[in-house]
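Analysis of the macromolecular model
Residue strings, one per chain:
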Amino acid sequence: MGLKIYLDGKLVEKDEAKISVFDHGLLYGDGVFEGIRAYHGRVFRLREHLQRLFNSAKAISLDCAISVDQMEDIVLKTLRANKLKDAYIRLVVTRGIGDLGLDPRKCPKPTIFCITDKIKLYPEEFYQDGLTIVTASTRKNIPEAVSPRIKSLNYLNNILAKIEATLQNAPEAIMLTKDGYVAECTGDNVFILKDNVLKTPPTYLGALEGVTQRVVMELAAKNGILCREEVFTRYDLFTADECFLTGTAAEVVPVARIDGRLISNGQPGKTTLKLIAEFRKLTLSEGVEI
Ligand code: PXG
């Protein structure tokens, strides 16, 4: 028996999980999504992810047509159908099927699907040795156009930066705002530690409000680590005492080198290692039971 996918009210086999070429999610990137994780039979921060999904939908005037509780049931039901306890979950809501015009009013019903699969973990050496990353020359879209707080199906801005990273054999790229401030990475948020203060770019600069980013800020507070949302530049990255990235897939991952500059001595710092350990502890002790 193959992987079961939730698609518009039904659980279908992977090969049958197909959507129309007239779906505006495909034609225009008109839709929103979430990437969520389950650990040991529990879905981590599910409510926060669902809230962000519904906020993203609200911001693009997309009515999901179901409640947050019903969306939660879809995620749990799909995980159960696949007997998954540790999983990566991709939940997607598109504008649905319309005609070839942009007008969302031609799309009467959103398309909802949920993919749950085994998680592909990052190699352990990423956590032990830290990542070597680069700054992308592709700037972040300006938040005055499409807010990067919307987790939309249009990821081209990030994909262009990701292409720059992969051309340089880097697993991630730092993305700057049009004014040259550090915003985030292509699929992760960024933190630096300088003089015992943890800093992450403020949301208004134009970055996704990461669920993992918020968890790390909570963990910092609980562990007596001062943490602030503050603007900073590449200079601050290069001269940081520590640097790490956060994301649902990556969790908390140290950065060893950026654009050829070693971060401190290139070894994951004490605070980073503490937060990695605290984060892992948390993922094993909380979450919505499948
Ligand atoms: N910034 C961006 C632009 C993201 O897409 C994050 C930050 C981290 O947010 P969370 O809530 O996960 O802590 C993301 C999320 C992938 C992949 O395959 C990653 C994301 C989205 C889609 C795919 O690595 N990241």
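Higher on the page you've got the structure.
Our next topic: the overall build of the chain. Secondary structure summary: the chain contains eight helices and 16 strands in total. Against the compact-globule benchmark of 19 Å for 290 residues, the chain has a radius of gyration of 19 Å, which places it among compact chains. Principal axes of the C-alpha set define a box for the chain whose edges measure 55 × 40 × 30 Å. Counting across all 290 residues of the chain, residues that qualify as buried make up 52%. Taking contacts inside the chain between residues at least 6 apart in sequence as the whole, the part at least 24 apart equals 70%. About 14,000 Å² of surface is accessible on the chain, with carbon and sulfur atoms providing 54% of the total. When the 39 positive and 38 negative side-chain charges of the chain are each reduced to one mean point, those points stand 1 Å apart.

Our focus in this paragraph is the pairing of strand β11 (residues 197-200). Residues of β11 alternate between two faces, with Val-197 and Lys-199 on one and Leu-198 and Thr-200 on the opposite face, all of them buried. In this antiparallel pair of consecutive strands, strand β10 (residues 189-194) and β11, the connection spans two residues, and Asp-195 shows a positive phi of 50°. Direction of pairing for β11 relative to strand β12 (residues 226-229): parallel, over a ladder of four bridges. Within β12, the residue paired with Lys-199 across the bridge is Arg-228.

As enumerated under the stated definition, the model contains zero disulfides in all. The closest cysteine sulfur to the non-disulfide-bonded Cys-114 is located on Cys-64, 13 Å from its own sulfur.

The seven strands are arranged β2-β1-β6-β5-β3-β4-β16 in an open sheet whose pairing can be described as antiparallel. Looking at the sheet topology across the chains shown, the edges are occupied by β2 (10-13) and β16 (288-289). In this sheet, β2 lies alongside strand β1 (residues 4-7) in antiparallel orientation, the contact comprising four bridges. From the neighbouring strand, Ile-5 faces β2, where its bridge partner is Val-12.

Let us now look at the nonpolar core. Val-43, Met-71, Leu-79, Ile-89, Leu-91 and Val-93 are the most contacted members of the largest nonpolar core, which totals 27 residues. Elements supplying a minimum of two residues to this core: β3 (31-39), α2 (46-59), α3 (68-81), β5 (87-94) and β6 (111-117). Of all hydrophobic cores here, the second largest spans 20 residues; its members include Leu-131, Ile-174, Ile-192 and Ile-263.

Once that is clear, we can look at the side chain of Glu-242. By the secondary structure assignment, Glu-242 is in strand β13 (residues 242-247). For Glu-242, which is buried and forms no salt bridge, the nearest opposite charge comes from Lys-270, at a distance of 6.4 Å. Within the structure, Glu-242 has its side chain in polar contact with the backbone nitrogen of Lys-270 (distance 3.2 Å). Once residues lying within four places of it in the same chain are set aside, the contact partners of Glu-242 are Phe-191, Ile-192, Leu-193, Ile-263, Gly-269, Lys-270, Thr-271 and Thr-272.

Attention shifts here to unusual backbone geometry. Note on backbone geometry: most residues besides glycine have negative phi, and most peptide bonds are trans. The phi torsion at His-40 lies on the positive side, around 45°, for a residue other than glycine. Position of His-40 among the secondary structure elements: in the loop between β3 and β4 (42-43). Taking the relative accessible area as the measure of exposure, His-40 reaches 55% and is therefore exposed. Residues other than glycine seldom take positive phi values, yet Ala-65 does so here, at roughly 70°. On the secondary structure map, Ala-65 appears in the loop between α2 and α3.

Residues in close proximity to the ligand total 18 residues, the closest being Tyr-155, Glu-184, Val-211, Thr-212 and Thr-248. One of the side-chain N or O atoms of Lys-151 is found 3.3 Å from an oxygen atom in the ligand. Residue Tyr-155 places a side-chain N or O atom 2.5 Å away from an oxygen atom belonging to the ligand. The protein chains hide 83% of the 550 Å² of surface that the ligand would expose on its own. Classifying every residue of the shell around the ligand by side-chain character gives four nonpolar, nine polar and five charged. The residue makeup of the shell around the ligand includes at least three contributed by each of domain 1 (4-117) and domain 2 (124-283).

As a further point, take the pattern of salt bridges. Tallied over the entire structure, the rule returns 22 salt bridges. Close ionic contact of Arg-37 with Glu-251 constitutes a salt bridge, the shortest N to O distance being 3.6 Å. In this pair, Arg-37 sits in strand β3 while Glu-251 sits in strand β14 (residues 251-258), placing the two residues 214 residues apart along the sequence. In this pair, the class of Arg-37 matches that of Glu-251, namely buried. A single salt-bridge network, built from bridges that share partners, covers Arg-45, Glu-48, Glu-218 and Glu-286.

About the criteria used
- Residue indices follow the written sequence of each chain, beginning from 1 at its first position.
- Note on the predicted model: pLDDT of at least 70 is required for a residue's local features to be given, and 80 or more for side-chain atom pairs to be given and counted; whole-chain, interface and lining totals, by contrast, use all residues.
- Calculation of side-chain values draws on the structure's entire complement of heavy atoms; hydrogens and water are dropped beforehand.
- Segments assigned H or I by DSSP are reported as helices when at least four residues long, segments assigned E as strands when at least two residues long, and all are numbered from the N terminus.
- In this setup the radius of gyration rests on C-alpha atoms only. A globule is expected at 2.2 Å times the number of residues raised to 0.38.
- The buried label applies to any residue whose accessible area, calculated with a 1.4 Å probe on protein chains only, is under 20% of its type's maximum; exposed applies above 50%, and partly exposed to all values in between.
- Any two residues whose heavy atoms approach within 4.5 Å are treated as being in contact.
- The method behind every accessible area is Shrake-Rupley, applied with a 1.4 Å probe, and residues are considered shielded solely by the protein chains displayed.
- Under the counting rule used here, the positive set is Lys and Arg, the negative set is Asp and Glu, and His together with the chain ends is not counted.
- Charged side chains are reduced to one point each, which is NZ for Lys, CZ for Arg, CG for Asp and CD for Glu.
- A pair of strands is considered paired only if DSSP assigns at least 2 bridges between the two.
- In what follows, a disulfide is any cysteine sulfur pair within 2.5 Å.
- Only buried residues count toward a nonpolar core. Its members are Ala, Val, Leu, Ile, Met, Phe, Trp, Tyr and Cys residues joined through side-chain atoms within 4.5 Å.
- Salt bridges are defined by distance alone: a side-chain nitrogen of Lys or Arg within 4 Å of a carboxyl oxygen of Asp or Glu.
- Polar contacts here mean pairs of N or O atoms no more than 3.5 Å apart (in protein, one a potential hydrogen donor and the other a potential acceptor; neighbouring residues in sequence count only if both atoms are side-chain atoms).
- Put simply, a residue is near a molecule or strand once any heavy atom of it comes within 4 Å of that molecule or strand.
- Three residue categories are used. Nonpolar comprises Ala, Val, Leu, Ile, Met, Phe, Trp, Tyr, Cys and Pro, charged comprises Asp, Glu, Lys and Arg, and polar comprises the others, including Gly.
- Throughout the structure description, domain borders are defined by an automatic or database domain assignment.

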